[in-house]
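These are the residues of each chain, in order.
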Amino acid sequence: MTLLASFHCKDERHVVIGALAPVASLRAKAIIAAGAFPILIDNAPLDELSKTLQGLIEEGKVEYHNEEYSKRLLTSLGRSEVDSVVDKVFVTLYQSEQELKEQISADCKRLRIPVNVSDSPELCSFTLLSTHSSGSFHFGVTTSGKGCKLASRIKRELVGALPGNIDQICDRVGELRRQIQQEDALEEVGGHDDDAITTSNLNSLVKEFNMTKQQQITQRSRWLSQIVEYYPLSRLAEISIEDLKEQYRLDKEEGFKKKQKLQRKGTISLVGSGPGSVSMLTLGALQEIHSADLILADKLVPQQVLDLIPKKSTRLFIARKFPGNAERAQQELLEIGLEALQNGEKVVRLKQGDPYIFGRGGEEFNFFTKHGYPPLVLPGITSALAAPVFSNIPATHREVADQVLICTGTGRRGALPNLPDFVESRTTVFLMALHRIVDLIPHLISEKNWRPNLPVAIVERASCPDQRVIRTTLEKAATAVEALGSRPPGLFIAGNACNVLQEKGDEDWVVEEGHQEPKLEGILQQLGHQVEQERAQSANLEACPQVSVTAK
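Residues numbered from 1 in each chain as written. Predicted model: local features only at pLDDT ≥ 70, side-chain atom pairs only at ≥ 80, totals over all residues. Heavy atoms only, no water.

As recorded by an unreviewed UniProt entry, the protein carries the name uroporphyrinogen-III C-methyltransferase and is attributed to Candidozyma auris. Check the Function (unreviewed entry) section of the UniProt entry for the protein; it says "Siroheme synthase involved in methionine biosynthesis." For the record of the protein, the UniProt heading Catalytic activity (unreviewed entry) holds the text "uroporphyrinogen III + 2 S-adenosyl-L-methionine = precorrin-2 + 2 S-adenosyl-L-homocysteine + H(+)". (UniProt positions renumbered as here; feature names shortened; annotations may be inferred.)

Structural data, given as structure tokens:
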């Protein structure tokens, strides 16, 4: 069992044992960010440490003890106010040093020192959470030591599912709660705490808001609990009593509407959703999304794009494409689309990037055309062109790069494709290559004469809030991916253009996190509302009885 907690670490002294593993520098930076002081212990020479750790030690942000571990260090390097006992211990040794890891864990537990041991959850007295903060909102994810990469991935998925104004939501609900508590006190009605509303009466009816002042006050805590539980989360930042009145009226009218399914010939469109960001959607793509009966999507289409799909009027099917199952999953998707077309529905095949850039769009066009439903094709912004822009790489640049090549890093059945020869003035973008990069790079260098020190960049989740750019050289790219892991979807950019606007420096690689997306919520809501209105008007017109007039 696990009790989640939040440590206050200001001015504490934390020991990190093991300096050579890549996770050591991550722990040191996390300790500094928490307001504590890291003490690094290892018997390795200083020049064998990573450049990141060497820099922190030179700046005085990390204290380095170049010696073997001993229990004495745990009771001599801490703060004077706690009798020199260190506050927390992080063990970042390799798996081959298991015996030493077990000894350190046992020593810490006897001394009641919280200890975290990398890759050994059974030796930990605490594990680290993958955290996210936005204003008053904070959350953390833990897998109880089963994998920090998994926790980080889950965190990013959860962040992607949250409204962009989650901090404002917290502030608004907190302000409403404060107002209710103040009014309760002024009216001497007796306090109500929305956290204390029990399950049995949470869903009790709160009547329309035309009751007396005292009745309103006694109901508002339960009202607040209900809207927090059930109201669309993205709208809680602006919620008011007037909004709830209008929502009640609309819900009441909806209950009397009769929905009729219109019989019409099915239509299909192949739509590119761009690299990932909502801001990269075309207006045509947004129109198709809001007018579809069924959307067939790739699993790589990000959640923020899928969130634009009207939940009440449109069904969503995501292709279950996994290694070894891609062909069968593709066939399943085609069959579902064809069945919907035969039932007179509008189908949108929503594809990551552009339908005709390694997206099998041509195959799908031929399939549906063969069955009598030629698709409308709407292009999307391919990540092959967008990712260089978002990572500050001009794909073409005078006297540096006069051509761009887009190619795949994966051939049929997982084999290496026919790779291009090296051209000094070319920027090459490899799609679907990161999972084969260990095999790909040696082949480029030895068989295709690519320069080992050629600047390259790995761009993952381009245009999304959790975008990551890794800048390195061709010969070190595979090592970087193995050390840092993968964050699909990603692509590989190689060429001198990678260093035109941003020099990498002397490090083996440089990692850049995050992407600031333009604020488009108001525009998207307005466009979506307009499309929904047009769709409703069209449905009403088609549902009306037809009158024929004949002139005599």
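## Considerations on the overall build of the protein
Helix and strand counts for the protein come out as 16 helices and 18 strands. A separation threshold of at least 6 residues defines the contact pool for the protein, and within that pool the share at least 24 residues apart is 64%. As displayed, the protein offers around 30500 Å² of accessible surface, 52% of which is attributable to carbon and sulfur atoms. (Helix = DSSP H or I, 4+ residues; strand = E, 2+ residues; numbered from the N terminus. Contact = heavy atoms within 4.5 Å. Areas by Shrake-Rupley, 256 points an atom, 1.4 Å probe, with all protein chains shown as cover.)

## Points about the side chain of arginine 487
The residue arginine 487 is located in the loop between helix 15 (474–484) and strand 17 (490–494) in this model. Among the residues examined, arginine 487 registers a relative accessible area of 8% and is labelled buried. Of note is the side chain of arginine 487, whose polar atom sits 2.9 Å from the backbone oxygen of aspartate 466. In this structure, arginine 487 is in contact with Arg156, Glu460, Arg461, Asp466, Gln467, Arg468 and Glu513, ignoring residues within four places of it in sequence. (Buried < 20%, exposed > 50% of the residue type's maximum accessible area, 1.4 Å probe, protein only. Polar contact = N/O pair within 3.5 Å; in protein donor to acceptor, adjacent residues only side chain to side chain.)

## Details of the sheet that holds strand 17
Read from one edge of the open sheet, six strands run 13-14-17-15-16-18, paired in mixed fashion. At either end of the open sheet lies a strand with only one pairing partner, and these are strand 13 (403–408) and strand 18 (510–513). Each adjacent strand pair in this sheet contributes to an overall mean axis angle of 20 degrees, direction not counted. The pairing of strand 13 with strand 14 (residues 426–431) spans six bridges and is parallel. Bridge pairing in strand 14 places valine 404 opposite threonine 427. Running over the sheet, helix 13 (residues 383–390) touches strand 13, strand 14, strand 15 (455–460) and strand 17 and is turned about 70 degrees from strand 17. (Pairing = 2+ DSSP bridges. Axes fitted to C-alpha atoms, helices over the stretch in contact; angles between N-to-C directions.)

## Things to note about the pattern of salt bridges
Per the counting criterion, the structure on display carries 23 salt bridges. Glutamate 288 is the salt-bridge partner of lysine 346, the closest N and O atoms lying 3.2 Å from each other. Taken as a pair, lysine 346 in strand 11 (residues 346–351) and glutamate 288 in helix 9 (residues 283–290) lie far apart in primary sequence, 58 residues in all. We note that lysine 346, like glutamate 288, is buried. Two residues, arginine 471 and glutamate 512, come together in a salt bridge whose shortest N-O distance is 2.7 Å. (Salt bridge = Lys/Arg side-chain N within 4 Å of Asp/Glu carboxyl O.)

## Focus: the side chain of threonine 472
Along the chain, threonine 472 falls in strand 16 (residues 468–473). For threonine 472, a relative accessible area of 2% gives the class buried. Of the polar contacts made by the side chain of threonine 472, one reaches the backbone oxygen of aspartate 508; its length is 2.8 Å.

## Digging into the sheet that holds strand 11
Across the sheet, which stays open at both edges, the five strands sit in the order 10-9-11-8-12 with parallel pairing between neighbours. A single partner strand is all that each edge strand has here, and the edge strands are strand 10 (315–318) and strand 12 (376–378). On average, each strand axis in the sheet is inclined to that of its neighbour by 20 degrees, with strand direction left out of account. In this sheet, strand 11 lies alongside strand 9 (residues 294–297) in parallel orientation, the contact comprising four bridges. Considered in strand 11, the bridge of alanine 297 is made with leucine 350. Packing of helix 12 (residues 361–370) onto the sheet brings it into contact with strand 8 (267–272), strand 11 and strand 12, and relative to strand 8 it is tilted by some 175 degrees.

## What to know about helix 15
Among the residues making up helix 15, those that are buried are Leu474, Ala477, Ala478, Ala480, Val481 and Leu484. Considered in projection along helix 15, the buried side chains sweep an arc of 160 degrees and stay on one side of the axis. (Arc of directions from axis to C-beta.)

## Side note on the environment of serine 136
In this fold, serine 136 is placed in the loop between strand 6 (130–134) and strand 7 (137–141). Sequence-wise, serine 136 and isoleucine 166 are 30 residues apart; in three dimensions their C-alpha atoms are separated by 8.8 Å. Here aspartate 171 takes part through its side chain, which lies 3.2 Å from a polar atom of the side chain of serine 136.

## Thoughts on the pairing of strand 7
Residues in a regular strand point their side chains to alternate faces of the sheet. The alternating pattern of strand 7 places Phe137, Phe139 and Val141 on a buried face, while none of His138 and Gly140, on the opposite face, is buried. Note that strand 6 and strand 7 share five bridges and pair antiparallel. Counted as the bridge partner of serine 134 is phenylalanine 137 from strand 7. Between strand 6 and the antiparallel strand that follows it, strand 7, lie two residues; glycine 135 among them carries a positive phi value of about 60 degrees.

## Points about unusual backbone geometry
The omega torsion of the bond from proline 488 to proline 489 falls at 0 degrees, within 30 degrees of zero and hence cis. Mapping proline 489 onto the fold places it in the loop between helix 15 and strand 17. The phi angle at arginine 112 is positive, at roughly 60 degrees, despite the residue not being glycine. By the element assignment, arginine 112 lies in the loop between helix 3 (98–110) and strand 5 (115–117). We classify arginine 112 as exposed; its relative accessible area is 70%. In this structure, methionine 432 takes a positive phi of about 50 degrees despite not being glycine. Relative to the assigned elements, methionine 432 resides in the loop between strand 14 and helix 14 (437–447).

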